[in-house]
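The chain contents come next:
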Amino acid sequence: MHFSFLSLLRQAFSGHAGWEPYWRQTLTPKPAYDIVIVGAGGHGLATAYYLASEFGCRNIAVVEKGWLGGGNTARNTTVIRSNYLWQESEAIYEHSLKLWEGLSHALNINVMYSPRGVMMLAHNHHDAVVLKRHVHANRLAGIDNEWLSAEEAKAFCPILNIDPSIRYPVIGASLQRRGGVARHDAVAWGYARAASALGVDIIENCAVTGVRRGGDGAVTGVETAKGFIGAKRVGVVAAGHTSVVMEMAGVRMPLESFPLQALVSEPVKPMMPCVAMSNTIHAYMSQSDKGELVIGAGTDVYTSYSQAGGLQVTQHTLEAICELFPVTRRMKMLRNWGGIVDVTPDRSPIIGKTPVPGLFVNCGWGTGGFKATTGSGHVFAATLAKGEPHPIAAPFSLDRFRTGRLIDEAAAAAVAH
């Protein structure tokens, strides 16, 4: 009998040799649900879990065109932090970080959350001024962040090169000690299992092909590869493809999609004790529990749905990494890839209602998607359950692009995930 890798993986997590998937499979959807969530990535699954666990919504379906957690959830670099600048951003990312701290216990699965510290490097006077501004803003909001000299940064991360003669000398750094990393696929599996246990239907290989609206313009359900599914409310959480789904409902979104590149090295013994990142030279690095160096790059300059991206971005990133961490120069890279990120004009997400009654959206996270998984799912669940924005989500409404009340986080979210 032939077994796919995914089937073997599911068996391994089922706890015994018989066939029992890690989450309850739903092959045929019901004719109608109270809420349908489009997208079974981290944010969509988190939304379903919190809808069921905190708001008592059990008649829910999560539909996914591919396989669970196979989109951006499988293509990120797992960094978690809340050291953003504006109060609105601080609120959502700090809310997320607090949920991350107790997530393994809540889901009864080890998501490998590791608060090893996130250090953001300054290479010139402008960098130092910007990062110190972040430090002060965070501390005023009760969020941990501190300023380090170059020598203190090296003491915290011994393999960091602080030689003043390099192209981008390190003159200091900000440090959020509660920041860190987690395992991305474990997060998706954990939310999926917990939501499924509460009665949520998770339907894979079920691409949405249309959004049906009634005579009053309100959403009545979604057309899918497995037939029409009725719904009182629809929440679109399809990172990288939100515009495509929303266009089916006649809604044009202020989004652009870009390949965002990353790569990992061969596994080595522990050498990188934290996450170190540089917005100036578009590079950052951490080390996974398997020993791989996880290296993040920037976005390509062109809009695309490519999951590879251009070679010049990877080359620029590796040149910077080799200069900042000379010990890496002889290491081999195992693979590189590109995730597809939706970017808004102000580099902040969109969470809430749309002009179509019953249609809600959660998108535009850009480089901040993974770290916001927990808080994003929580506030979006509250928004879907009550039909009104959660207070933390309210500033991120689609309407801000009409009123001009933007939340410009370009400095905090440039390439540092």
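First, a word on scope: everything that follows refers to the structure included in this document.

A few words on helix α10 (residues 373-386). Here α10 contains 14 residues, and its C-alpha end-to-end distance of 20 Å stays within 8% of the 20 Å for a straight helix at 1.5 Å per residue. Judged by how many residues are buried, α10 sits mostly within the fold: 12 of 14 residues are covered. Residues T373, T374, G375, S376, G377, H378, V379, F380, A381, A382, T383 and L384 constitute the buried set of α10. One or two positions beyond α10, positive phi appears at G387, with a value near 75°.

With that out of the way, let us pick up empty space enclosed by the protein. With the rule as written, the count across this model stands at two cavities of 30 Å³ or more. Put simply, the largest cavity is a space of about 40 Å³. Lining the largest cavity are 10 residues, and of these Y84, Y93, R347, S348 and E409 lie nearest its centre. Of the residues contributing to the lining of the largest cavity, the split by class is five nonpolar, three polar and two charged.

By the element assignment, S174 lies in strand β6 (residues 172-176). Given the relative accessible area of 1%, S174 is considered buried. Look past the residues within four positions of S174 in its chain and what remains in contact with it is V118, M119, M120, L131, V135, N145, E146 and W147.

Now for the nonpolar core. Soluble globular proteins tend to pack their nonpolar side chains together in the buried interior. Membership of the largest hydrophobic core comes to 49 residues, with the highest contact counts inside it found for I37, L45, L51, W100, L103, Y191 and V200. Those elements giving two or more residues to this core turn out to be β1 (32-38), α2 (42-54), β2 (60-63), α3 (87-101), α4 (103-107), α7 (184-197) and α10. When neighbours within four sequence positions are excluded, V200 is seen to be in contact with R24, A48, A52, R58, I60, V62 and A195. With 28 residues, the next largest nonpolar core counts V211, I229, V245 and A249 among its residues.

To continue, consider the pairing of strand β15 (residues 292-299). Counting buried positions over the eight residues of β15 gives seven, a clear majority of the element. Both strand β12 (residues 256-267) and β15 contribute to a ladder of five bridges, which runs antiparallel. Paired with A262 across the bridge in β15 is G296. The loop that links strand β14 (residues 283-287) with its antiparallel partner β15 comprises four residues; one of these, G291, has a positive phi angle of about 100°.

We now examine unusual backbone geometry. Apart from glycine, the bulk of residues carry a negative phi angle, and the bulk of peptide bonds sit in the trans form. Non-glycine residue M112 carries a positive phi angle of around 60°. Here M112 is to be found in the loop between α4 and β4 (118-122). Of note in this structure, N205 is not a glycine but carries a positive phi near 55°. Judged by relative accessible area, N205 falls into the exposed class, the value being 54%.

One simple way to see leftover space: roll a probe sized like a water molecule over the atoms. Empty space within the second largest pocket amounts to approximately 830 Å³. If you go around the second largest pocket, you meet 31 residues; those closest to its centre are A74, R183, H184, D185 and K290. The element that contributes the greatest number of residues to the lining of the second largest pocket is α7, accounting for four residues. Within the lining of the second largest pocket, the residues separate by chemical class into 14 nonpolar, nine polar and eight charged.

The rules behind each value
Residues numbered from 1 in each chain as written. Predicted model: local features only at pLDDT ≥ 70, side-chain atom pairs only at ≥ 80, totals over all residues. Heavy atoms only, no water. Helix = DSSP H or I, 4+ residues; strand = E, 2+ residues; numbered from the N terminus. Expected span 1.5 Å × (residues − 1). Buried < 20%, exposed > 50% of the residue type's maximum accessible area, 1.4 Å probe, protein only. 1 Å grid on protein atoms, 1.4 Å probe; cavity = no way out; pocket = protein on both sides within 12 Å on 5 of 7 lines; lining within 4 Å. Points joined across faces, edges and corners; volume = space filled by probe spheres on them. Nonpolar A, V, L, I, M, F, W, Y, C, P; charged D, E, K, R; others polar. Contact = heavy atoms within 4.5 Å. Core = buried A, V, L, I, M, F, W, Y, C linked by side-chain atoms within 4.5 Å. Pairing = 2+ DSSP bridges.

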